[in-house]
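Descriptive structure summary
Residue-level listing of the chains:
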Amino acid sequence: RPQGTALVEARGITKLFGSFKANDDINLSIRPGEIHALLGENGAGKSTLVKILYGSLQPSEGEILWKGQKVGIPSPSAARRLGIGMVFQHFSLFDALTVTENIALALPDRKSRSALAREIEKVSAEFGLPLNPNSVIVDLSVGERQRVEIVRCLLQNPELLIMDEPTSVLTPQEADDLFLTLDKLTARGCAVLYISHRLEEVKQICHHATILRHGKVVAECDPQKESAAKLASLMVGAEIHAL
Ligand code: ADP
Ligand code: MG
C-alpha cells in the first residue's frame, strides 16, 4: 500500500547520552501508507529514535525532513502540529475520568463535551475501535485503554502514527483488531512507524523494516520476503547485511 515519495526522512541521526551513542548515524525513510517496522533487540536504540521523531528528545546530530522540508521538532506538541501522533507503551490516562474527559485534556482546542463525544464515536466507528465515550477508564481493559490512546491520536488527523510495542499488552484477538485498524489507516495514506519484537506479526503487517543494532541501521528489507529466522539473525548478528 505504500505510495510515492517520503513523508518523513531521518538523515544521519545521532543521539549521545554522555559519551554513549544510543543512535549512530541513522537514516530512515517512511512513505505515506506504509507500515514501517523498527526492529532491534532491547537497547538497540528504537525508543530513542522514535522519541526524537516525536520531539521528546533532540538529536545530537542529523536532521529530519517532513515532506521534503527540513524541520525542527522541539516538542511533542510541535510533532502533533506537523501531523505526527504517538501511541505510548505505557498509557498516561487518568483512571477516574471518562474516555471523553481524558481525550479533552489531551487536545489543544477546547470544544463542548458533547461535540467531542460525537467525534470520538465517529472516529472509533470509522476505524474499528469500539469505545463508549462515557466509560470511566478504570473500568476498561488494557486493550480498550489503548483504543482511547489511538482515538486521541486520530482526532488530530496524524499523517504518521508511531507505535512503540503496541501488541505487547494486547490479547491475540485485540492484536488482530488493531491490525484491521492499521489497515484502514494506511488505506487513507497514513504511515505507521511500528516497533515490535514479534517477528511473525511484523511479517504479517509491515511493508518495510529497518533493523537497528547498537544504535546503527544494520539492514533494511521487506519483512514479508524474509523468514523470521533471518530477521532474528539480522537483529543479533555480527556482520553488516545489505539486502
Ligand atoms: P530500545 O528501545 O531499542 O530498547 P532505547 O532507545 O530505549 O532502546 O535505548 C538505547 C540505549 O540508550 C540503551 O542502552 C539505553 O540504556 C540508553 N538510553 C536510553 N535513554 C537514555 C537516557 N535518557 N540516558 C542514558 N542512556 C539512555
Ligand atoms: Mg524501547
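In this text the structure is predicted, and so the values were computed from the model without any measurement.

How each quantity is defined
- The residue numbering used here restarts from 1 in each chain and proceeds along that chain's sequence as written.
- The order in which chains are written sets their letters, starting at A; the order in which ligands are written sets their numbers, starting at 1.
- Predicted model: local features are reported for residues with pLDDT of at least 70 only, side-chain atom pairs are reported and counted for 80 or more only, and whole-chain, interface and lining totals are derived from all residues.
- Numbered from the N terminus, helices here are DSSP runs of H or I no shorter than four residues, and strands are runs of E no shorter than two.
- Each pair of strands is called paired provided DSSP finds at least two bridges between the two strands.
- Axis definition: a line fitted to C-alpha atoms, limited for helices to the stretch in contact. Angles are taken between N-to-C directions and run from 0 to 180 degrees.
- Contact criterion: two residues are in contact if their C-beta atoms, reconstructed from the backbone, are within 7 Å.
- Note that the term roughly parallel is reserved for angles under 35 degrees, roughly antiparallel for angles over 145, roughly perpendicular for angles of 65 to 115, and oblique for everything else.
- Left-handed describes a crossing whose near helix is turned anticlockwise from the far helix by less than a right angle; the clockwise case is right-handed.

Right, let's get into unusual backbone geometry. Its identity as a non-glycine residue notwithstanding, Lys 67 has a phi of 50°, on the positive side. Inspection of the secondary structure puts Lys 67 in the loop between strand E4 (61-66) and strand E5 (69-71). Its identity is not glycine, yet His 214 carries a phi of approximately 50°, on the positive side.

Right, let's get into the pairing of strand E10 (residues 216-221). Sheet topology note: the strand E9 (residues 208-213)/E10 ladder contains 5 bridges and is antiparallel. For Ala 209, the partnering residue across the bridge sits in E10 and is Cys 221. Between the antiparallel neighbours E9 and E10 lie 2 residues, among them His 214 with a positive phi of about 50°.

With that settled, consider the sheet that holds strand E6 (residues 84-87). Strand order in this open sheet of 6 strands is E6-E7-E8-E3-E9-E10, and the pairing throughout is mixed. The sheet is open, and its two edges are formed by E6 and E10, each paired on a single side. Averaged over all neighbouring strand pairs, the angle between strand axes comes to 20°, with direction disregarded. As defined by bridge partners, E6 adjoins strand E7 (residues 160-164) across 4 bridges and the pair is classed as parallel. The residue bridging Ile 84 from the neighbouring strand is Leu 160, located in E7. Sitting on the sheet, helix H1 (residues 46-53) is in contact with strand E3 (35-39), E6, E7, strand E8 (191-195) and E9, with an inclination near 150° to E7. Docked against the sheet, helix H6 (residues 172-187) engages E3, E7 and E8, running at close to 145° with respect to E8.

This part is about the packing of helix H3 (residues 99-106) against helix H5 (residues 142-154). At a minimum axis distance of 10 Å, the contact between H3 and H5 shows a crossing angle of 40°. Accordingly, the angle class assigned to the pair H3 and H5 is oblique. Taken as a pair, H3 and H5 cross one another with a handedness that is right-handed. Side by side, H3 and H5 meet where Val 99, Asn 102, Ile 103 and Ala 106 of the first sit next to Val 148, Val 151 and Arg 152 of the second.

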